[in-house]
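# Residue-level structure breakdown
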Amino acid sequence: MGDHHDTVRTRLRAALRADDQWTALEELSADRPDRLAETAEELYRSDTEPATFRPYLTWLLRILGDPGDAALLRLLAEPTAFAAADRRDLLSTAVSRELRLPAPLLHAYAETVPPSDGGDARPGGTLAPELVDAMGLSGDPSLAPRLGALLEDPAAPRGRAALALGRLGAREWTVQIAERLPETTGLEHTAFAVALELMGDPAAVPHLLRWLADSGEERVFDVHHALVRLTGRDPLLPEGARGAVYAAAVRAAWADGRTEPAPAEVRDIVVESGAWARFSVDGGAGRIRVAYDPPSPGSSWPRWGRSLTFDRKPLYGVGSICDTCELGLTLLDWPDDEAARIAARMRERLAGLDRLDAGLLVAWGPVLGELKTGHYRALLLDLPLERVTEPARSWWYRRAADREAEDGDDSAYAGWRPEDSWPGVAHFQLTAPVPGGRVPCTYGAFLPSQPPEALDPATVARHGAAIAAGERPAAVVLGWIDDRSPEARDEERWLVGTVLDGHHRLAAYAAAGVPARVLLIARVDEGCGADGGREGLAEVAAAYGCQG
């Protein structure tokens, strides 16, 4: 045991002294030698190791899971043992791991950890942002008064204090947060609005309605989003509204003070061809939707990550709307059975679907009303799909490999591995990029809403026989167009979505090599590739629209 420990310590020291410390530590963590976390803790405490190694060691502990958490908690239990910068780093790492620290320990840190701007730690004074985040994660309501006091201090991290109160569910501070919303701007304004959403307290609604009437154009979205979350009422806004038009429409939608949700209504149905229709959902239940995730503790962005959710249960992480970031979908969990039952209510009319008509969309109104309020396109497509079970075959890797080959040594994808962007589950994808589009490469991928291992081979075979006999049963996919320019260099477009109904049918089509009949339902409002969405969907329809 002693020899092994010496070996781990030697390897860790070598990684810390490597020319590329991050890569060396990542390779060491991938090996996961026994007692690596304990060894990192030992070197962190060592008086003979350079203090400059400590941020590398906390990073290592952060990625080591439970053993790293245990070591972090032991280090954090000594609030005066390390320098102020180290204490802030330890707290920040604990926050990133969402560790719950006891209130007495956090009170001790409040007296020993100065703010990040170098001010003094003092009773009742401004708290370091890392400490504010840790208090919000503690689950201890006794910390709420200390956090609430920060709301009155413009020099304090007020947005993070509001979010911390929201995480604690400290509703006694709802009104104070709502009343101070007009004092805030930018990300702080967003943080206050998101804090009210986390609180879930309807006491904020009258204050939000009053502020909406006077708020500047750039702050209307946050207020509207909070009102929808707190009331459940989601009024339909004009399609494509932006800027002043959007702000005016939001104010008009809430001007009468109504906050009770109305029954969902599918309206404005226009069938432009047998393969293309549009409709709107007003007052949608939003049981199936892309929604913002709760803010990550420690992040400076109150709204960033999004997930595709079924009854508010996340199915896939969708990532941010930042168009210079990579598009990455990540499996989070499988929805409850109710999601499948909702989609199955469309199945009766899918068996021989060869064209869209208004009556069909009216008949599906109760199901479409489960979607989020917004404007939608319905496309009936014949898509050449393949089933992908290996990361190296997925477009998420293949497009990166193609870019690396084109860019050479200057590529942002150098060293990209197949598993780096694999969504975590077998899925269906277009066999080739969509032809004829303005963007050089439009990729397509549809992810399942139920475990692939749940597919019944006999059912797949039955659909395969029907397809071989000339039948074209349709699957239903909820999707959208997502335009990206990763690293602000390479323009690309994605058609992505999740299969609501028809997993067996798509598997049969893929096995037979026959284009799959797909009813694609795509929302074209904010947060879903709004500007490129209509253009991209038109290109997909032109390439693959069902000819009836």
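What this report covers is the structure whose coordinates are included nearby.

## Quick look at the overall build of the chain
In terms of regular secondary structure, the chain is built from 22 helices and 13 strands. In summary, the chain has a C-alpha radius of gyration of 26 Å against a globular reference of 24 Å for 548 residues, a match within 12%. When its C-alpha atoms are laid out on the principal axes, the chain stretches across 75 × 65 × 40 Å. For the chain, buried positions account for 53% of its 548 residues. Counting contacts in the chain only where the partners sit at least 6 residues apart, residues at least 24 apart contribute 70% of the total. Only carbon and sulfur atoms are counted for the fraction: they give 51% of the accessible area of the chain, which is about 23100 Å². Between the averaged position of the 59 positive side-chain charges in the chain and that of its 83 negative side-chain charges there is a distance of 4 Å.

## Notes on the sheet that holds strand β5 (residues 313-317)
Strand order in the open sheet formed by four strands is β3-β4-β5-β6, with antiparallel pairing between adjacent strands. This sheet does not close on itself; its edge strands, each paired only once, are β3 (288-292) and β6 (330-331). Bridge analysis of β5 against β6 gives two bridges, and the strand direction is antiparallel. If you follow Gly 317 over to β6, its bridge partner there is Thr 330.

## Brief notes about unusual backbone geometry
The backbone phi angle of Asp 311 is positive, close to 50 degrees, even though this residue is not glycine. Of note, Asp 311 is situated in the loop between β4 (306-310) and β5. By relative accessible area, which is 42% here, Asp 311 ends up partly exposed. The phi torsion at Arg 312 lies on the positive side, around 65 degrees, for a residue other than glycine. One can find Arg 312 in the loop between β4 and β5.

## Observations regarding the packing of aromatic side chains
Here the structure, examined in full by the defined rule, presents nine aromatic pairs. With a centroid separation of 4.7 Å and 15 degrees between ring planes, the pair formed by Trp 396 and Trp 494 is classed as stacked. A residue pair is termed long-range when its members are at least 10 positions apart, and Trp 396 in helix α19 (residues 395-407) and Trp 494 in strand β12 (residues 492-501) qualify at 98 residues. You'll find Trp 396 and Trp 494 in the same group, each marked buried. Considering the side-chain rings of Tyr 443 and Trp 494, the 5.1 Å spacing of their centres and the 45 degrees angle between planes classify their relative orientation as tilted. With Tyr 443 in strand β10 (residues 442-447) and Trp 494 in strand β12, the pair connects residues that are 51 residues apart, well separated along the chain. With a relative accessible area of 3%, Tyr 443 lands in the buried category. Members of the aromatic cluster, joined through ring pairs, are Trp 395, Trp 396, Tyr 443 and Trp 494. Sitting above the plane of the Tyr 292 ring, Arg 303 keeps its charged end 5.8 Å from the centroid.

## Description of the nonpolar core
Ranked by size, the top nonpolar core spans 83 residues in total, and within it Leu 12, Leu 131, Leu 165, Ile 177 and Leu 208 carry the most contacts. With near-sequence residues (within four places) excluded, Ile 177 lies in contact with Leu 151, Ala 162, Leu 165, Phe 192, Ala 195, Leu 196 and Met 199.

## A closer look at the pattern of salt bridges
Within the structure shown, the criterion is met by 44 salt bridges. The closest approach of N and O atoms between Arg 45 and Glu 78, which form a salt bridge, is 2.6 Å. Taken together, the positions of Arg 45 in helix α3 (residues 36-45) and Glu 78 in the loop between α5 (66-76) and α6 (84-96) put the pair 33 residues apart, joining distant regions of the chain. Asp 268 is paired through a salt bridge with Arg 267; the nearest N and O atoms lie 3.3 Å apart.

## Observations regarding the side chain of Thr 39
Position of Thr 39 among the secondary structure elements: in helix α3. Separated by 2.8 Å, the side chain of Thr 39 and the backbone oxygen of Arg 35 make a polar contact. Setting aside chain neighbours within four positions, we find Thr 39 in contact with His 5, Val 8, Arg 9 and Leu 12.

## With respect to the pairing of β5
Examined bridge by bridge, β4 and β5 share four bridges and lie antiparallel to one another. Considered in β5, the bridge of Leu 308 is made with Tyr 316. Two successive antiparallel strands, β4 and β5, enclose a turn made up of two residues, where Asp 311 displays a positive phi of approximately 50 degrees.

## Observations regarding the packing of helix α2 (residues 21-31) against helix α4 (residues 54-63)
Two measures define how a pair of helices packs: the angle their axes make with one another and the distance between the axes. Contact pair α2 / α4: the axes reach a minimum separation of 11 Å and the direction vectors enclose 35 degrees. Crossing of α2 against α4: the hand is right-handed. Contacts from Gln 21, Trp 22, Leu 25, Glu 26 and Ser 29 in α2 reach Tyr 56, Trp 59, Leu 60 and Ile 63 in α4. Considering only residue class, the contact of α2 with α4 consists of six nonpolar, two polar and one charged.

## Comments concerning the layout of surface pockets
In this structure, the second largest pocket encloses a volume near 240 Å³. For the lining of the second largest pocket, the residue count by class is five nonpolar, five polar and six charged.

## Re the sheet that holds strand β1 (residues 265-273)
Each strand in a sheet pairs with another by means of backbone hydrogen bonds, the pair being arranged parallel or else antiparallel. Across the sheet, which stays open at both edges, the nine strands sit in the order β1-β2-β7-β13-β11-β12-β10-β9-β8 with mixed pairing between neighbours. The open sheet has two edge strands, β1 and β8 (385-388), and neither has a second partner. Within this sheet the neighbouring strands show an average axis-to-axis angle of 25 degrees, counted without direction. Here six bridges tie β10 to β12, and the two strands are oriented parallel to one another. Bridging across to β12, Tyr 443 finds its partner in Trp 494.

## Observations regarding α4
For α4, every residue scored as buried is listed here: Arg 54, Tyr 56, Leu 57, Thr 58, Leu 60 and Leu 61. Looking at the residues trailing α4, positive phi occurs at Gly 65, about 70 degrees.

What counts, and at which threshold
- Residues numbered from 1 in each chain as written.
- Predicted model: local features only at pLDDT ≥ 70, side-chain atom pairs only at ≥ 80, totals over all residues.
- Heavy atoms only, no water.
- Helix = DSSP H or I, 4+ residues; strand = E, 2+ residues; numbered from the N terminus.
- Rg over C-alpha atoms; globule rule 2.2 N^0.38 Å.
- Buried < 20%, exposed > 50% of the residue type's maximum accessible area, 1.4 Å probe, protein only.
- Contact = heavy atoms within 4.5 Å.
- Areas by Shrake-Rupley, 256 points an atom, 1.4 Å probe, with all protein chains shown as cover.
- Lys, Arg positive; Asp, Glu negative; His and termini not counted.
- Charge placed at Lys NZ, Arg CZ, Asp CG, Glu CD.
- Pairing = 2+ DSSP bridges.
- Phe/Tyr/Trp six-rings, centres within 6.5 Å; stacked < 30°, edge-to-face > 60°.
- Lys NZ or Arg CZ within 6 Å of the ring centre and 35° of its normal.
- Core = buried A, V, L, I, M, F, W, Y, C linked by side-chain atoms within 4.5 Å.
- Salt bridge = Lys/Arg side-chain N within 4 Å of Asp/Glu carboxyl O.
- Polar contact = N/O pair within 3.5 Å; in protein donor to acceptor, adjacent residues only side chain to side chain.
- Axes fitted to C-alpha atoms, helices over the stretch in contact; angles between N-to-C directions.
- Left-handed = near helix turned anticlockwise from the far one by under 90°.
- Nonpolar A, V, L, I, M, F, W, Y, C, P; charged D, E, K, R; others polar.
- 1 Å grid on protein atoms, 1.4 Å probe; cavity = no way out; pocket = protein on both sides within 12 Å on 5 of 7 lines; lining within 4 Å.
- Points joined across faces, edges and corners; volume = space filled by probe spheres on them.

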